[in-house]
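Architecture at a glance
What follows is the residue order along each chain.
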Amino acid sequence: MSDPGSARARALHLLMASPTWHELRRALEDEGLVDRLGAAGMQSLLEEWHSRAANALNDIELRIELSFWSEGGSYAEHLKGFQAISPGALVAAARARGWFVRVGESGRAIVNPPGARPLVVQTGSGGAAA
């Protein structure tokens with residue numbers, strides 16, 4: 001497994017079997033994949049983990065998570081800490097469900113969950129959700 005493609009394929013397989021990012025990271029380290037994936041590969045894998053975690057939420061859980069970030073929440077304040085799903089992944093999951101989503105150039109997204117008030121979520125760097 002010397003080429004980057006096979007390392008990524010193995011990493012994605014481990015991702016599917018890991019309920020948390022920390023468990024995935026440990027499994028990657030155990031198999032010597034962290035260095036082979038490199039910083040860009042690890043960032044891509046983290047984004048994939050966030051995306052899958054966001055898509056696994058039901059509508060109520062997604063709305064609750066988006067509400068947390070819209071109220072100025074941070075990773076330090078989140079019950080899951082740095083295991084929390086990124087605001088950007090949550091917004092993408094809302095868009096994939098057909099919810100009204102409008103993302104501005106400032107990195108702010110307006111998300112309107114069905115039957116709830118619109119939420120403004122900072123998805124870009126520099127905000128509370130960064």
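Rules of the game
Residues numbered from 1 in each chain as written. Predicted model: local features only at pLDDT ≥ 70, side-chain atom pairs only at ≥ 80, totals over all residues. Heavy atoms only, no water. Axes fitted to C-alpha atoms, helices over the stretch in contact; angles between N-to-C directions. Helix = DSSP H or I, 4+ residues; strand = E, 2+ residues; numbered from the N terminus. Parallel < 35°, antiparallel > 145°, perpendicular 65-115°, else oblique. Left-handed = near helix turned anticlockwise from the far one by under 90°. Contact = heavy atoms within 4.5 Å. Nonpolar A, V, L, I, M, F, W, Y, C, P; charged D, E, K, R; others polar. pLDDT = per-residue confidence, 0-100. Patch = residues over 30% accessible without salt bridge, like charges linked within 9 Å, V, L, I, M, F, W, Y side chains within 5 Å. Areas by Shrake-Rupley, 256 points an atom, 1.4 Å probe, with all protein chains shown as cover. Salt bridge = Lys/Arg side-chain N within 4 Å of Asp/Glu carboxyl O. Buried < 20%, exposed > 50% of the residue type's maximum accessible area, 1.4 Å probe, protein only. Phe/Tyr/Trp six-rings, centres within 6.5 Å; stacked < 30°, edge-to-face > 60°. Polar contact = N/O pair within 3.5 Å; in protein donor to acceptor, adjacent residues only side chain to side chain. Expected span 1.5 Å × (residues − 1). Bend = angle between axes of the 7 residues up to and from the residue.

A closer look at the packing of helix 2 (residues 21-30) against helix 3 (residues 33-56)
- Viewed as axis vectors pointing N to C, helix 2 and helix 3 meet at an angle of 160 degrees, and their least axial separation amounts to 11 Å. Taken together, helix 2 and helix 3 sit at an angle that is classed as roughly antiparallel. Between helix 2 and helix 3 the crossing geometry is right-handed. Taking contact as the criterion, the partners of Trp21, Leu24, Arg25, Leu28 and Glu29 in helix 2 are, on helix 3, Leu33, Val34, Leu37, Met42, Leu45, Leu46 and Trp49.
- Here the contact of helix 2 with helix 3 is composed, by residue class, of 10 nonpolar, no polar and two charged.

Topic: the confidence of the model for the chain
- Confidence in the prediction of the chain, expressed as mean pLDDT, is 89, and 92% of residues score 70 or more.
- Considering only residues more than four positions removed or in separate chains, one finds that residues 125-130, a stretch of pLDDT under 50, has 14 contacts.

Re a nonpolar patch on the surface
- Together, Phe100, Ile110 and Val120 give the surface a local cluster of nonpolar side chains, amounting to about 250 Å² of exposed area.
- Looking at where Phe100 falls in the secondary structure, it is placed in strand 1 (residues 100-103).
- Residue classification places Phe100 among the partly exposed residues on the basis of a relative accessible area of 42%.

Remarks on the packing of aromatic side chains
- The tally for this structure, following the rule as stated, stands at four aromatic pairs.
- One aromatic cluster is present, built from ring pairs that chain together Phe68, Trp69, Tyr75 and Phe82.

Here's the deal with the side chain of Ser18
- Within the fold, Ser18 resides in the loop between helix 1 (4-16) and helix 2.
- Within the structure, the side chain of Ser18 is placed 2.8 Å from the backbone oxygen of Leu14, a separation counted as a polar contact.
- Leave out the neighbours within four places in its chain, and Ser18 touches Glu23, Leu24 and Trp49.

Structural notes on helix 3
- Taking 1.5 Å per residue as the helical rise, helix 3 with its 24 residues ought to reach 34 Å, whereas the 25 Å between its terminal C-alpha atoms falls clearly short.
- Remark: the principal bend of helix 3, roughly 90 degrees, maps to Ala39.
- When helix 3 is considered as a whole, its buried residues turn out to be Leu33, Val34, Leu37, Gly41, Met42, Leu45, Trp49, His50, Ala53 and Ala54.

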